[in-house]
Amino acid sequence: MPSVEQRLTALEAASFTLASEQQRLKADNDAYHANIDARLNSLADGLMDHRREVAERFDRVDERFGRVDNELAGLKAGQAEMREMLARIVAKIDA
């Protein structure tokens, strides 16, 4: 049977080993979480860039539709003028 001093030495060694292992595990855990944080930040940055690009594309599409709406309004105004002129011509012919 080991002496009290031998048991105490063994317990101290085990305690030191346990403390070292806990520090290593904490360092590994911290590194793991830092890696996850970095990956999440990278994904978030990518998503924000994509969101900006999509917003810019929608702005360009809205701008194009605005131009088309303006052109359509111009065509409708021209068509109304043509109908008025046609109505006057028909009225003169009928008179």
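So, here's what we can say about the structure. Predicted model only: the values in this text are computed from it and were never measured.

## What to know about the overall build of the chain
Secondary structure assignment for the chain yields one helix and zero strands. Scaling as 2.2 N^0.38, a compact globule of 95 residues should have a C-alpha radius of gyration of about 12 Å, whereas the chain reaches 40 Å, well beyond that. In terms of its C-alpha atoms, the chain occupies a principal-axis envelope of roughly 135 × 15 × 10 Å. Evaluated residue by residue, the chain yields a buried proportion of 0% over its 95 residues. Split by element, the accessible area of the chain, about 8,900 Å² in all, is 61% carbon and sulfur. With 14 positive and 18 negative side-chain charges, the chain shows a spacing of 7 Å between the two charge centroids.

## Focus on the environment of Leu75
Looking at the element boundaries, Leu75 is found in helix 1 (residues 4–94). Judged by its relative accessible area of 63%, Leu75 falls in the exposed class. Taking the C-alpha atoms as reference, Leu75 lies 61 Å from Ala34; in sequence the two are 41 residues apart.

## Notes on the environment of Glu56
Of note, Glu56 is situated in helix 1. With 29 residues separating them along the chain, Glu56 and Ala27 place their C-alpha atoms 43 Å apart.

## Quick notes on a negative patch on the surface
A surface patch of like charges, here negative, comprises Glu53, Glu56, Asp59 and Asp62. By the secondary structure assignment, Glu53 is in helix 1. Judged by relative accessible area, Glu53 falls into the partly exposed class, the value being 40%.

## Let's talk about the pattern of salt bridges
A full pass over the atoms with the stated rule returns five salt bridges. For Asp28, the salt bridge is made with Arg24, and the minimal N-O distance between the two is 2.7 Å. Highlighted residues: Asp28 and Arg24, both in helix 1, separated by four residues, approximately one helical turn. On the basis of relative accessibility, which here comes to 38%, the residue Arg24 falls in the partly exposed class. Asp30 is the partner of Lys26 in a salt bridge, and the nearest nitrogen-oxygen pair spans 3.0 Å. Here Lys26 and its partner Asp30 are both found in helix 1, four residues apart, which amounts to about one turn of the helix. Overall, the relative accessible area of 39% leaves Asp30 in the partly exposed class. Beyond isolated ion pairs, a larger network of salt bridges with shared partners links Glu21, Arg24 and Asp28.

What counts and what doesn't
Residues numbered from 1 in each chain as written. Predicted model: local features only at pLDDT ≥ 70, side-chain atom pairs only at ≥ 80, totals over all residues. Heavy atoms only, no water. Helix = DSSP H or I, 4+ residues; strand = E, 2+ residues; numbered from the N terminus. Rg over C-alpha atoms; globule rule 2.2 N^0.38 Å. Buried < 20%, exposed > 50% of the residue type's maximum accessible area, 1.4 Å probe, protein only. Areas by Shrake-Rupley, 256 points an atom, 1.4 Å probe, with all protein chains shown as cover. Lys, Arg positive; Asp, Glu negative; His and termini not counted. Charge placed at Lys NZ, Arg CZ, Asp CG, Glu CD. Patch = residues over 30% accessible without salt bridge, like charges linked within 9 Å, V, L, I, M, F, W, Y side chains within 5 Å. Salt bridge = Lys/Arg side-chain N within 4 Å of Asp/Glu carboxyl O.

None of the figures reported here should be taken as evidence of function without further support.
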